[in-house]
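Fold and contact review
If you want the building blocks of each chain, they are given just below.
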Amino acid sequence: MKQKIVIQLSLSCDKSRSKALTVAARAAGVTSMEITGDARDRLEVVGDGVDPVCLVSCLRKKLGHAQIIKVEEVKKPADIKKEDPKPPVPVCPPPYYCPPVGYCHHQYQPHMVVCEEQPSNCRTM
């Protein structure tokens with residue numbers, strides 16, 4: 001499950017920001033990270049199977065103050081499309097031909113019986 005973790009840090013200079021990015025890059029499962037926020041004091045980490053508590057404890061050892069702001073699941077574009085699909089368009093069968101009422105057409109073929117008599121060898125006249 002891919003997740004996005006936002007951590008607030010006490011970052012006072014570029015050196016502490018680079019330390020935070022280094023610690024986040026070494027964490028297992030991290031795919032991307034960036035420094036965000038108005039004061040550039042938030043670290044956004046995106047990864048698969050990242051342990052937010054372990055990551056924050058490592059950041060606290062290196063930088064001092066670190067606090068988890070939010071952890072949310074990152075949805076794939078394919079998942080978003082699956083959530084609200086368009087209703088399927090009903091497929092109508094072709095119309096059936098119905099003859100008018102009272103109209104009946106049959107092809108009548110009489111049975112033909114063919115009887116052949118075997119000729120006898122005896123002729124009388």
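Relevant structure appears above.
The structure presented is a predicted model; accordingly, all values stated were derived computationally and were not measured.

1. Some details on helix α2 (residues 52-63)
An ideal rise of 1.5 Å per residue puts 16 Å on 12 residues; α2 measures up with 16 Å between its terminal C-alpha atoms. Within α2, burial applies to Pro 52, Leu 55, Val 56, Leu 59 and Leu 63. Down the axis of α2, the buried side of the element spans an arc of 95°, and every buried residue falls inside it. Away from its buried face by more than 90 degrees, α2 exposes Val 53 and Lys 61. Buried residues along α2 sit in contact with β1 (2-9), α1 (14-26), β3 (42-48) and β4 (66-73). A positive phi of about 110° marks Gly 64, the residue just after α2.

2. Section: the environment of Leu 21
For Leu 21, the location among the structural elements is in helix α1. For Leu 21, a relative accessible area of 29% gives the class partly exposed. When sequence neighbours within four positions are dropped, the list of residues in contact with Leu 21 reads Met 33, Glu 34, Ile 35 and Leu 43.

3. Some remarks on the sheet that holds strand β2 (residues 30-36)
Spatially, 4 strands are ordered β2-β3-β1-β4 in an open sheet, and the strand pairing comes out antiparallel. The sheet terminates laterally at β2 and β4, the two strands that pair on one side only. For this sheet, the mean angle separating the axes of adjacent strands, direction not counted, is 20°. Here β2 runs beside β3; their pairing, made up of 6 bridges, is antiparallel. Across the sheet, the residue bridging to Thr 36 is Arg 42, located in β3. Each of β1, β2 and β3 touches α1; the most contacted strand, β2, lies at about 160° to it.

Cut-off values and rules
- Residues numbered from 1 in each chain as written.
- Predicted model: local features only at pLDDT ≥ 70, side-chain atom pairs only at ≥ 80, totals over all residues.
- Heavy atoms only, no water.
- Helix = DSSP H or I, 4+ residues; strand = E, 2+ residues; numbered from the N terminus.
- Expected span 1.5 Å × (residues − 1).
- Buried < 20%, exposed > 50% of the residue type's maximum accessible area, 1.4 Å probe, protein only.
- Arc of directions from axis to C-beta.
- Contact = heavy atoms within 4.5 Å.
- Pairing = 2+ DSSP bridges.
- Axes fitted to C-alpha atoms, helices over the stretch in contact; angles between N-to-C directions.

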